[in-house]
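Letter by letter, the chains look like this.
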Amino acid sequence: MAVSSGPREDDSVPAFCDAVGIPGIVDIHTHFMPDRMLRKVWGWFDTVRHGDGSPVWPIAYRSDERTRLARLRTMRVCAFTSLNYPHKPGMAQWLNEWSARFAADNPDCVHSATFFPEPEADGYVAQALERGARVFKVHLEVGRYDPRDPLLDPVWRRLADTGVPVVCHAGSGPVPGPFTGPEPLAAVLNAYPGLVAVIAHMGGPEYAEFLQLAVRYPNVHLDTTMTFTDFTDGIQPFPEDLLPVLAAHPDRVVFGSDFPNIPHPYAHQVQAVVRLGLGDEWLRAVCYDNGVRLLRLGSSTLP
Ligand SMILES: [Zn+2]
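Thresholds, definitions, all that
- Residues numbered from 1 in each chain as written.
- Predicted model: local features only at pLDDT ≥ 70, side-chain atom pairs only at ≥ 80, totals over all residues.
- Heavy atoms only, no water.
- Helix = DSSP H or I, 4+ residues; strand = E, 2+ residues; numbered from the N terminus.
- Buried < 20%, exposed > 50% of the residue type's maximum accessible area, 1.4 Å probe, protein only.
- Pairing = 2+ DSSP bridges.
- Right-handed = clockwise from strand over helix to strand, strands pointing away.
- Donors = N, O, S within 2.8 Å, 3.2 Å for Na, K, Ca; no water.
- 1 Å grid on protein atoms, 1.4 Å probe; cavity = no way out; pocket = protein on both sides within 12 Å on 5 of 7 lines; lining within 4 Å.
- Points joined across faces, edges and corners; volume = space filled by probe spheres on them.
- Nonpolar A, V, L, I, M, F, W, Y, C, P; charged D, E, K, R; others polar.

Peer 1: I would appreciate a short explanation of unusual backbone geometry in the present structure.
Peer 2: Negative phi is the rule for most residues except glycine; trans is the rule for most peptide bonds. At the junction of G204 and P205, the peptide bond is cis and its omega measures out at 5° in the coordinates. Within the secondary structure, P205 sits in the loop between β7 (197-199) and α9 (207-216). The backbone phi angle of R144 is positive, close to 50°, even though this residue is not glycine.

As structure tokens, then:
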């Protein structure tokens, strides 16, 4: 298989790994959730329809948890996450309990956690870190909260001090929220410049503004989730004139997919990154090395 074209089918992903010289893929942006929540998420996607009634976003991996885990492992996705996020107060701690258990049962799933602006947040974030959480997730569109909320000050400070990354859905795509867009998160970074932030979806559609933040702050990264795919190219394409900036910062882009809630085969996200044409060294950094570094993966968890 020519590396330049990328894998066309899921079964070819291991051959892609061999061709570029990585043991597997580290995917910083996947979703494993309590079943009830996952079904709600799928139900929401089902409501979005084209004029002819066909789904805009048909979920490609609508299967039971065991089958979904097996699919990732067959493709040699050697580390992934269980990004959960609350849409109201009083939920985060329960989600964190679930994610801690899930990671304990599945050592290739990186222990993930989340939070919401509420008085208990700093306490349960501290507890999650103590229990070994290695990545956090915030979803500003679903959560509809201001990341500058003073209740989150101790949380941002704690995450900046520990260097544990936080995947932030902060861009206004596919749907804007009251606190999406670059300004609110830029203010957080201004206050906590050491924060290890991973801007989900390359910050789309505000690609240029979020890329600016990554250039300004050495700990700001962007995840590839859904970006560069045919689906996103059709609605919010990544501007071609920004590709040289990505090429110049291979250490700031990290592979993410949104598995299983994706409208295409997993291989297509890999292919989407490969076809940027930024070279094997760039691909090794994005698909493996950066994830290993950010998630502090050790030899015990890696092949
Ligand atoms: Zn996601």
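Peer 1: Honestly, the pairing of strand β8 (residues 220-223) in this entry has me stumped. Any pointers?
Peer 2: Regular strands have side chains that alternate between both faces of the sheet. Of the two faces of β8, the one lined by V220 and L222 and the one lined by H221 and D223 are each fully buried. Note: β7 against β8, three bridges, orientation parallel. Within β8, the position partnered with I199 by the bridge is L222. You can see the chain leave β7, run along α9 and come back into β8, and the turn it takes is right-handed. Bridge analysis of β8 against strand β9 (residues 253-254) gives two bridges, and the strand direction is parallel. Note that in β9 the partner of L222 across the bridge is V253.

Peer 1: Looking at this model, I keep getting lost on the coordination of the zinc ion. Mind explaining?
Peer 2: Bound to the zinc ion are the protein donor atoms H29 (NE2), H31 (NE2) and D258 (OD), situated 2.0 to 2.1 Å from the metal. Coordination of the zinc ion draws on donor residues from a single chain, spaced H-x1-H-x226-D in sequence. Taken together, the residues span a long stretch of sequence, with H31 in the loop between β1 (25-26) and α2 (35-47) and D258 in the loop between β9 and α12 (266-274) at a distance of 227 residues. One exposure class covers both H31 and D258, and it is buried.

Peer 1: Where do I start with empty space enclosed by the protein in this structure?
Peer 2: A probe as big as a water molecule, rolled over the atoms, marks out the empty space that is left. In total, this model carries two cavities of 30 Å³ or more according to the counting rule given. Here the largest cavity defines a volume of roughly 80 Å³. Around the largest cavity, the lining residues are Q93, N96, E97, A100, H111, A113, Y124, Q127, A128 and R131. Where the lining of the largest cavity is concerned, the elements lending two or more residues are α4 (92-105) and α5 (121-130). Top contributing element to the lining of the largest cavity by residue count: α4, with four residues. For the lining of the largest cavity, the class distribution of residues is four nonpolar, four polar and two charged. Volume-wise, the second largest cavity comes out at about 30 Å³.

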